[in-house]
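Structural characterization, general
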Amino acid sequence: MIGELMTTDTGYCDLHCHSTASDGSLPPVEVVQLAQRSGVSAMSLTDHDTVAGVAEASAEAERLGIDFISGIEISCEFRSPGTLHLLGYGVDPQSEDLQALTRQLIEARDNRNPQMIAKLNAAGIAVTMDEWEKEAGGNVVGRPHLAQILIRKGHVRSVKDAFDKFLGQGGLAYFDKERLPARRAIELIRQAGGICVLAHPVQLRCGNDAELETIVKSLVDQGLAGIEVMHSDHDARQITLCTQLAERFGLLKTGGSDYHGRSKKAIDFGFCGGRRIPRACFDAVVTRCSNDRRTRHPGV
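As a starting point, this report considers the structure included with it. Given the structure is predicted, the values throughout are model-derived calculations rather than measurements.

1. As for the overall build of the protein
- Check the secondary structure of the protein and you find 11 helices and 9 strands.
- In terms of overall size, the protein behaves like a compact globule, its C-alpha atoms giving a radius of gyration of 19 Å where 300 residues would be expected to give roughly 19 Å.
- Summarising its shape, the C-alpha atoms of the protein cover approximately 60 × 45 × 40 Å along the three principal directions.
- Per-residue burial over the protein gives 53% buried out of 300 residues.
- Of the contacts formed within the protein by residues at least 6 apart in sequence, a portion of 73% connects residues at least 24 apart.
- By element, 49% of the accessible surface of the protein is carried by carbon and sulfur atoms, the whole surface being about 12,900 Å².

2. A short note on the pattern of salt bridges
- Overall, the coordinates contain 19 salt bridges when judged by the stated rule.
- Across the pair R279 and D67 runs a salt bridge, and its minimum N-O distance is 2.6 Å. Placement of R279 in helix α11 (residues 279-296) and of D67 in strand β3 (residues 67-76) is noted, with a sequence separation of 212 residues between them.
- With a shortest N-O distance of 2.9 Å, R248 and E213 are connected by a salt bridge. Of this pair, R248 sits in helix α10 (residues 236-249) while E213 sits in helix α9 (residues 209-221), placing them 35 residues apart in sequence.
- What emerges from the salt-bridge pattern is a single network uniting D67, R279 and D283.

3. Examining the pairing of strand β4 (residues 84-89)
- Buried residues dominate β4, accounting for 6 of its 6 residues.
- Burial along β4 is two-sided: L84, L86 and G88 and H85, L87 and Y89, pointing in opposite directions, are all buried.
- Note that β3 and β4 share 6 bridges and pair antiparallel. Across the sheet, G71 pairs through a bridge with Y89, a residue of β4.
- Strand direction decides the pairing type here: β4 and strand β5 (residues 195-198), joined by 4 bridges, are antiparallel. Residue L86 lies in a different strand from β5, and its bridge partner there is L198.

4. As for the side chain of D49
- One can find D49 in the loop between β2 (42-45) and α3 (54-64).
- A residue is classified by how much of its surface remains accessible, and D49, at 1% relative accessible area, is buried.
- For D49, the contacting residues outside a window of four places in its chain are I72, E73, I74, S75, T102, L105, I106, R109 and K177.

5. So, a negative patch on the surface
- A contiguous patch of negative charge on the surface is contributed by E77, E107, D110, D130, E133 and E178.
- Elements supplying a minimum of two residues to the negative patch: α4 (96-122) and α5 (129-136).
- On the secondary structure map, E178 appears in the loop between α7 (159-167) and α8 (182-191).

6. Digging into the sheet that holds strand β6 (residues 226-231)
- Across the sheet, 7 strands lie side by side as β1-β2-β3-β4-β5-β6-β7; this open sheet has mixed pairing. Both outer strands of the open sheet, β1 (13-14) and β7 (252-256), are each paired with one neighbouring strand and no more.
- By the bridge criterion, 2 bridges tie β5 to β6 in an arrangement that is parallel. Residue pairing for β6: L198 is matched across the bridge by I227.

7. Focus on helix α2 (residues 28-37)
- Turning to α2, its buried residues number three or more, namely P28, V31, V32, L34 and A35. Buried residues along α2 cover an arc of 155 degrees about the axis, so they all sit on one side.
- Looking at the packing, one finds that the buried side of α2 touches β2 and α3.
- Looking one or two places after α2, you find G39, whose phi comes out positive at around 80 degrees.

8. Thoughts on the packing of aromatic side chains
- Applying the stated rule across the entire model yields 1 aromatic pair.
- A ring pair is formed by Y259 and F269, whose centres lie 5.8 Å apart and whose planes are at 75 degrees; its orientation type is edge-to-face. Linking Y259 in the loop between β7 and β8 (271-272) with F269 in the loop between β7 and β8, this pair joins segments that are 10 residues apart in sequence.
- Taking relative accessible area as the criterion, Y259 reaches 11% and is therefore assigned buried.

The rules behind these values
Residues numbered from 1 in each chain as written. Predicted model: local features only at pLDDT ≥ 70, side-chain atom pairs only at ≥ 80, totals over all residues. Heavy atoms only, no water. Helix = DSSP H or I, 4+ residues; strand = E, 2+ residues; numbered from the N terminus. Rg over C-alpha atoms; globule rule 2.2 N^0.38 Å. Buried < 20%, exposed > 50% of the residue type's maximum accessible area, 1.4 Å probe, protein only. Contact = heavy atoms within 4.5 Å. Areas by Shrake-Rupley, 256 points an atom, 1.4 Å probe, with all protein chains shown as cover. Salt bridge = Lys/Arg side-chain N within 4 Å of Asp/Glu carboxyl O. Pairing = 2+ DSSP bridges. Patch = residues over 30% accessible without salt bridge, like charges linked within 9 Å, V, L, I, M, F, W, Y side chains within 5 Å. Lys, Arg positive; Asp, Glu negative; His and termini not counted. Charge placed at Lys NZ, Arg CZ, Asp CG, Glu CD. Arc of directions from axis to C-beta. Phe/Tyr/Trp six-rings, centres within 6.5 Å; stacked < 30°, edge-to-face > 60°.

In C-alpha cells:
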C-alpha cells in the first residue's frame, strides 16, 4: 500500500504548510517560491484559522506555474492529550460563513493569549503581549511566536522545549482556547465550498488502532472527505494504517509536510520523513472539490 501511495511518475505536491499569515516564518509569497525550489508542482496553503494568505499565495503560484488550491487548518474540540485538526480544501476565501468562522477562531486565540502571558509572569518569566504581537508581525498571534521569545531569553533551548515546559498541554503556562465541534467545522467548510480532511491522525494520540478507526468513522458520518496519510510525524506503520482506513471508508488519501519554517526546522517543504508526496494527492482533492460543487449546484 505504501508503494501504491508513493507513486511519483506524475510529480510532487504539498497539501499542508503555513505562512506568516498564521504561525509560519515565511510570507505566503515566499512559501510558494520555496515550493518551486523544492520541485513541487502543486500545493495548498493551510494556515491556522485564517485564509488571509491565500490570495497572495494563489497569485504567486499562478505566476510561477504552480497549481494551487485554497486551504485552511482548524482546531476542533477533542479530549486531552490529543488534538483534532481539520484541513479545509477548495474553500472560497470570500465566503461570509468562512470569514465569520475565522473571526471567531482568531478572537478565541486572542482571548487565550493574555492568560498565558499572566501565567508566565506569575512564574517569574518576564514577557509581554507587546513582545508577542511584535514577534508575530501583525499576523495571527500563535504559540510558536511566543516560543521564539522564550528561546531568545534563554528560558528554553528549542520550540519543542518551550511547548513541553510551558506552552503545550500540561505546560506551566498552557491555557486552552475555545474550539469548534468537528461537526460544525465540517459544516462550515462545506458551506464555504470546500471539503474536509483529517490532519495528522497520529496527533489524536489514540490508545490503539481500533480507537482511531472509531474516531475516523464518526468523522466520516459527519461529512469527512479525506485523511492525511503522509505527514512529517507519520512513520511507515502510520502511513499503512491511515491508507487502510482511507480505503475502508472511501476517503481521499492526502499528504503534507506541515512546513512552518524556523519553528520546525527539521521539516522540509514537500517532504514527509524523507518521502515525497505524490502529485496524485492534489489532483484527487481538486477532482473531489469539483464533483462536490456540481452535486450541490447542478447546472452551474
